[in-house]
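Analysis of the macromolecular model
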Amino acid sequence: MARDQQLKDRWDLIVKKLSNQFADGDTLDLDAIIYLIGVQELGQFDRKFKKDHKIDLMHIAICKLLTPYGFYEFDFVDDDGWPHYKIKEQLPSLKAGEQSVLMKDAIVNYFLETKFID
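Everything numeric here is computed off the predicted structure, so don't read it as measured data. (Residues numbered from 1 in each chain as written. Predicted model: local features only at pLDDT ≥ 70, side-chain atom pairs only at ≥ 80, totals over all residues. Heavy atoms only, no water.)

Brief notes about the overall build of the protein
Worth spelling out the cut-off: Helix numbering and strand numbering both begin at the N terminus, where a helix is a DSSP run of H or I of at least 4 residues and a strand a DSSP run of E of at least 2. Only C-alpha atoms enter the radius of gyration; for comparison, a globular chain is expected to reach 2.2 Å times N to the power 0.38, where N is the number of residues. Only protein chains enter the calculation, and the probe is 1.4 Å; a residue is then buried if its accessible area is under 20% of its type maximum, exposed if over 50%, and partly exposed in between. Any two residues whose heavy atoms approach within 4.5 Å at even a single point are treated as in contact.
In terms of helices and strands, the protein carries four helices and two strands. Counted from the first residue to the last, the protein has its helices and strands arranged as α-α-α-β-β-α. For 118 residues, the compact-globule estimate of 2.2 N^0.38 gives 13 Å, and the protein sits close to it at 15 Å. With respect to the three principal axes, the spread of C-alpha positions in the protein is 45 × 35 × 25 Å. Sorting the 118 residues of the protein into buried and exposed places 31% on the buried side. Look at the contacts in the protein between residues 6 or more apart in sequence, and 47% of them connect residues 24 or more apart.

Here is the structure:
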């Protein structure tokens, strides 16, 4: 199977599973999935988050997702339990479509690693 088709099929599976689990079947978009990964990585599931914390959660997710690509490196967890990352390499300038493909690929790899999909 072509890599692009495999990525699309896996992405569609992730969207379907997460949408059913967290959005009563309404389709989650890329940002919502990144947010969910941030909540997962923080591990504070019973909390209500304010807007600025939601942005921080998305940042955690992006750092986690792009760590295997060499862009970030885990640094430490602060006293409130929030993980922090160091930039190892600046992200290249990507067009919006290229950013989307990179993030979808990183999310698919994350969910393969966590055995959410196979």
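Describing the pattern of salt bridges
For side chains bearing opposite charge, pairing can occur when the charged atoms are close. Our working definition: Criterion for a salt bridge: a side-chain nitrogen of Lys or Arg within 4 Å of a carboxyl oxygen of Asp or Glu.
For the structure shown, the criterion picks out two salt bridges. With a shortest N-O distance of 3.3 Å, Glu-73 and Lys-86 are connected by a salt bridge. Here Glu-73, found in strand β1 (residues 72–77), pairs with Lys-86, found in strand β2 (residues 83–87); they are 13 residues apart in sequence, far enough to count as distant. By relative accessible area, which is 38% here, Lys-86 ends up partly exposed.

Let's talk about the packing of helix α1 (residues 3–22) against helix α4 (residues 96–113)
Stated formally: To get an axis, fit a line to the C-alpha atoms, keeping to the stretch in contact for a helix; angles then go from 0 to 180 degrees between the N-to-C directions. Convention used here: angles under 35 degrees read as roughly parallel, angles over 145 as roughly antiparallel, angles from 65 to 115 as roughly perpendicular, and any remaining angle as oblique. Should the near helix be turned counterclockwise from the far one by less than a right angle, the crossing is left-handed, whereas a clockwise turn marks it as right-handed. The classification used treats Ala, Val, Leu, Ile, Met, Phe, Trp, Tyr, Cys and Pro as nonpolar, Asp, Glu, Lys and Arg as charged, and all other residues, Gly among them, as polar.
Where α1 contacts α4, the two axes come as close as 10 Å, and the packing angle between them is 65 degrees. Accordingly, the angle class assigned to the pair α1 and α4 is roughly perpendicular. When you trace α1 past α4, the crossing you get is left-handed. Where α1 abuts α4, its residues Arg-3, Leu-7, Arg-10, Trp-11, Ile-14 and Leu-18 lie against Val-101, Lys-104, Asp-105, Ile-107, Val-108, Phe-111 and Leu-112. Considered class by class, the residues forming the contact of α1 with α4 number nine nonpolar, no polar and four charged.

Here's the deal with the pairing of β2
Definition in use: Pairing between two strands requires that DSSP report at least two bridges joining them.
The sheet contact formed by β1 and β2 spans five bridges and is antiparallel. By the bridge assignment for β2, Glu-73 is matched with Lys-86. Between β1 and β2, which pair antiparallel and follow one another directly, the connecting turn spans five residues, one of which, Gly-81, has a positive phi of 90 degrees.

Looking at unusual backbone geometry
Phi is positive for Lys-115, close to 65 degrees, though the residue is something other than glycine. Here Lys-115 is to be found in the segment after α4.

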